[in-house]
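Take a look at the letters that make up each chain.
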Amino acid sequence: MTTHPPLILVDGSGYIFRAYHALPPLSRADGTPVGAVYGFASMILKLLETEEDGFVVIFDAGRKTFRNEIYPDYKAHRPPAPEDLIPQFPLTRAVCEAFGVTSLEIPGYEADDLIASYTKEALKEGRPVKIISSDKDLMQLVSPDVLLFDPFKNKTIGAQEVFEKFGVSPLSVIDVLALMGDTSDNIPGVPGIGPKGAAELIQRFTNLENLLNHIEDVSKASHKKSLFEHAEQARLSKKLVQLYDNIPLPKPLSDLHIKPMEPSKIVSFLKEQGFHSLIPRLEKYLRKQNSSEASAPSFSADLPASDVSTSYELILTEAALQNFLKETLKYPKLAIDTETTSLNALKAELVGISLSYKPGSAVYIPINHKKELSLLDQDTFQKQLPLEKVISLLKPIFENQALLKIGHNIKYDLLVLKNYGLNIFPLDDTMVISYVLDGVKTFHSLDHLSALYFNHTTVKYKDLVGSGKSEITFDYVPLDLACHYAAEDADYTLRLYEILKPRLIRERLNSVYETLDRPLIPILADMESEGILVNPQALRHLSALIADEMALLEQKVYTLAGRPFNLASPKQLSEILFEEMGLETGKKGKAGDFSTRAGILESLAEQGHELPKEILKWRGLAKLKSTYTDTLVSQINPKTHRVHTSYSITKTSTGRLASSDPNLQNIPIRTEDGLRIRKAFIAKPHHLFLSLDYSQIELRLLAHVAKIPALIEAFLKGYDIHAITASYVFSTPLEKIDNALRHKAKAINFGIIYGISPFGLSQQLGISVKDAKEYIETYFKTYPGIESYMNTTKAEAHQKGYVETLFGRKCYIPDINDRSLQIRAFSERQAINAPLQGSAADIIKKAMIRVAQFLKETSSSAKLLLQVHDELIFEISEDDLTSYGPQLKKIMENVLKLDVPLIADASIGLNWGEMRGHTF
């Protein structure tokens, strides 16, 4: 068969869904969603580049097929296609038409059936077949002359790879699939028989029918029983998974060829969709195809500015800088990027600044590059402009309120330039815009977004500075390399801005960005710059105490184990617990050792085993010591004597801020050890810490969004919400509710917010799953609107792929339609909580913005130091506490009007670990 070129069949529908989930929801100028179309077009272009023999794209014609007639519930659990994907289906067919690629589909059949039928026909004619798809169902077609290629894993799948996945040959794949079923397609299979069991049965009995004729010979009792009870269900399942290879072909094999390409037609289509970044790729492909010709077509002349060629200039003279800045004032916006000696903005020294006012054009102003590693002549370094001169020339530009300054993670640049007396205002941030638009659907680094939107590979930072022992700081990067790297960052930041900023309005997210995230950037910069005072002696003392406690625990563990061993070694601990002591555990991990993760040890401790309990204590102390008491001392800034955390706006799925280097949001608050660490955080002399913490904000939001009369009334009257819930759920008069019942009700109240399961609640309360299930059912009967809210929210997430906060922020749930039941269930719990947690995050952001404005307009000594989820921590003079504390509390409580009041509990203290409640 090798004399014939292979027939290449592409699973087009698989490509569409992969593109939809991999790319952000792009829209063209008229608002039509085209994110999946862009990804699909990019994939088709890649196939043209790699598959020189041509290919055919096969699509699903619709959701209903003949399999639904056999089994009406076939794929019944699959949610409908997302709303913004539906109008993209016909456009993917238009992609094929524009590129001259044959595409086929037949109503009533799936793409897989058409692929199977063309495969059969090709083999009859002695022609090999290559199927491009990641669909496991197509593995049943694999043979010596039929290969499957997974384009997303870049992996060819032959008989050996099929055996590795299913434990059987390709011919037996349908028998294994029939037994194990498929939850994503709602194929029932045989209950209790999974992939491994199915493979073992088919290996022994050859095929499904022979197995069903010899069920009495099956050795495993549970399998035998299930096969007797579900034999017809297994036969039905085989009909559903088997591909039909004898359907009428819409075109004969002889007509399946690539049509002559019409470049102008393709370019017109790409421009119409706004896919300008694909045009240079098309040109490159055409040049390769026409390499023997004197000239190849060019279409770049009239591309938008974001696709033009680049011109990067090194600014070495005052005249050149003045000329550039003069030109800058003719434009409404300026992209900025700083190069420094450190990723820590407060420790970084400024090395250079890059600027761009027009896509494709940018400059780099070196300030402090060293000559030793330069590729330019040594005299160049005498021409670098003095720092003072650069600052004096840039200051009026940076502080010009008529000129918008744009950065990618501009908070870093704000902090760096602030150290040199430069302020940036007004500002925009492409990283934050990208986050508001697409959340956790994509990464937001400049490198990633440049590749995503422009198919452009940027110069990587590590390529310039190296890594490990050979790593240098940026001031030692040669000027010519530094210029291209830095100018490229400013250039592509501006290009991204022109694509992303209009999307905010089209996708109705402008309010989220303009009223919540953008105003927060300078506020976070001020908080990070201010830092929080830490007592290093207290931390060192605490570290020594923890070390002593760990040493005592080690000796106790050695006694319990009967010998010394490395407590930090999971392997050695596994040997002690499960081999030498013979404790029961679960399955072995990949390395062949039994797991010693926290959940396993907690389970063993609950069974009364002392050693796992002591190990958990030791681990907790070790984590506190390494993460906080030891590390925090090294993170104290020698100039300010404070710790300066870094806040990220773009890390979480719900809009919550994330703290890092160090993470001050995760210091335990309810443990004695956590409080000991917090005591090391101290207010400066004659000042106090003031904490304002939203009380039960997510429960209040639940009452508001789900419109629960009983909860609303309880919050309006200021009742103890956990006691009220305990009274309802446990049918006990309010006056007889004790701490134990209140604790259970509290676990249910907060557990419901996170979509807790009966099993999860049973583990938390130490009760049976049956009792936990009854508690949850009673809770839903007590507050009937909650279950309705949860079901509606889950349905919205399945349909759209995201849920929304009260402010309109989209919280993406990427795995909400995953094939795995476990992953899907976890995602549904995320979907239930995300609107509440996200709304709470938005509320505290709004509070921070209003608080910052208030402090700016008054003469208060108060400084906002930290945000810890629902809590703001201020440092305020003792004299100002009485006059300004109540006003700060009032601002937080009136940031948004809900059906229930927002309450901010106040507490004060000289250190963070000894805060006491305070009433204004």
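Further up the page is the structure itself.
Reference entry: report on the structure contained in this document.

Cut-offs applied
Residues numbered from 1 in each chain as written. Predicted model: local features only at pLDDT ≥ 70, side-chain atom pairs only at ≥ 80, totals over all residues. Heavy atoms only, no water. Helix = DSSP H or I, 4+ residues; strand = E, 2+ residues; numbered from the N terminus. Rg over C-alpha atoms; globule rule 2.2 N^0.38 Å. Buried < 20%, exposed > 50% of the residue type's maximum accessible area, 1.4 Å probe, protein only. Contact = heavy atoms within 4.5 Å. Salt bridge = Lys/Arg side-chain N within 4 Å of Asp/Glu carboxyl O. Pairing = 2+ DSSP bridges. Axes fitted to C-alpha atoms, helices over the stretch in contact; angles between N-to-C directions. Parallel < 35°, antiparallel > 145°, perpendicular 65-115°, else oblique. Left-handed = near helix turned anticlockwise from the far one by under 90°. Nonpolar A, V, L, I, M, F, W, Y, C, P; charged D, E, K, R; others polar. Phe/Tyr/Trp six-rings, centres within 6.5 Å; stacked < 30°, edge-to-face > 60°. Lys NZ or Arg CZ within 6 Å of the ring centre and 35° of its normal.

Scanning the protein from terminus to terminus reveals 36 helices and 23 strands. Relative to its length of 920 residues, the protein is compact, with a C-alpha radius of gyration of 32 Å against a globular reference of 29 Å. Along the first, second and third principal axes, the C-alpha set of the protein runs to 90 × 80 × 60 Å. Across the 920 residues that make up the protein, the buried fraction comes to 52%. Long-range pairs, those at least 24 residues apart, make up 67% of the contacts in the protein with a sequence separation of at least 6.

Another aspect to go through is the environment of Lys 617. With respect to the helices and strands, Lys 617 occurs in helix α26 (residues 610–634). With a relative accessible area of 41%, Lys 617 lands in the partly exposed category. A C-alpha to C-alpha distance of 9.8 Å links Lys 617 and Glu 549, two positions 68 residues apart in sequence.

By the definition in use, this model includes 46 salt bridges. Ionic pairing is found between Arg 67 and Glu 110, a salt bridge with its closest N-O pair at 3.4 Å. Remark: Glu 110 occurs in the loop between β3 (102–104) and α5 (111–124) and Arg 67 occurs in helix α3 (residues 66–70); sequence separation between them is 43 residues. Note that Lys 845 is salt-bridged to Asp 517, the shortest N-O span being 2.9 Å. Of this pair, Lys 845 sits in helix α35 (residues 821–857) while Asp 517 sits in helix α22 (residues 510–530), and the two are 328 residues apart along the sequence.

Strand order in the open sheet formed by 5 strands is β20-β21-β17-β22-β23, and the pairing between neighbours is antiparallel. The open sheet terminates on both sides in strands that have one partner only, identified here as β20 (863–868) and β23 (916–917). By the bridge criterion, 2 bridges tie strand β22 (residues 904–909) to β23 in an arrangement that is antiparallel. Bridge assignment links Ile 908 to a residue of β23, and that residue is Arg 916. Packed on one face of the sheet, α35 meets β17 (687–694), β20 and β21 (871–877) and runs near 20° to β21.

Here we take up helix α4 (residues 89–99). Those residues of α4 that fall on the buried side of the exposure criterion are Leu 91, Thr 92, Arg 93, Val 95, Cys 96, Ala 98 and Phe 99. The secondary structure elements touched by the buried residues of α4 are α1 (12–22), α2 (35–50), β2 (56–58), β3, α12 (263–273) and α13 (278–289). Gly 100 sits one or two positions beyond α4 and adopts a positive phi of about 75°.

The mixed open sheet is built from 6 strands, whose spatial order is β3-β2-β1-β4-β5-β6. Edge positions in the open sheet fall to β3 and β6 (155–157), since each of these has one partner strand only. Direction aside, the axes of adjacent strands within the sheet are offset by 25° on average. In this sheet, strand β4 (residues 129–132) lies alongside strand β1 (residues 7–11) in parallel orientation, the contact comprising 4 bridges. Across the sheet, residue Leu 7 finds its bridge partner in β4, namely Val 129. Running at roughly 175° to β1, α5 makes contact with β1, β2, β3, β4 and β5 (146–150) of the sheet.

It is at 8 Å that the axes of α4 and α12 come closest, and there the two elements cross at 150°. Regarding the angle of α4 to α12, the classification is roughly antiparallel. Helix-helix and strand crossings are classified by hand; for α4 and α12 the assignment is left-handed. The residues of α12 that touch α4, namely those facing Leu 91, Ala 94, Val 95, Glu 97, Ala 98 and Phe 99, are Lys 265, Ile 266, Phe 269 and Gln 273. Across the contact of α4 with α12, the residue classes tally to 7 nonpolar, 1 polar and 2 charged.

What follows concerns unusual backbone geometry. The linkage connecting Phe 425 with the following residue, Pro 426, adopts the cis geometry, with an omega of -10°. Note that Pro 426 resides in the loop between α17 (410–418) and β12 (427–429). A positive phi angle is found at Asn 154, which is not glycine, with a value near 55°. Mapped onto the elements of the fold, Asn 154 is located in the loop between β5 and β6. Taking relative accessible area as the criterion, Asn 154 reaches 61% and is therefore assigned exposed. Look at Thr 206: it is not a glycine, yet its phi comes out positive at around 75°. Among the residues examined, Thr 206 registers a relative accessible area of 52% and is labelled exposed.

For the coordinates displayed, the defined rule picks out 20 aromatic pairs. Between Tyr 15 and Phe 152, the aromatic rings sit 5.6 Å apart at their centres with planes inclined by 55°, giving tilted as the arrangement. Placement of Tyr 15 in helix α1 and of Phe 152 in the loop between β5 and β6 is noted, with a sequence separation of 137 residues between them. Geometrically, the ring pair formed by Phe 66 and Tyr 109 is tilted, given 5.4 Å between the ring centres and 50° between the ring planes. Separated by 43 residues along the polypeptide, Phe 66 in helix α3 and Tyr 109 in the loop between β3 and α5 bring together distant segments of the chain. Members of the aromatic cluster, connected to one another through ring pairs, are Tyr 728, Tyr 779, Phe 780 and Tyr 783. Looking at Lys 441, its charged tip hangs above the ring of Tyr 20, at a distance of 5.0 Å from the centre.

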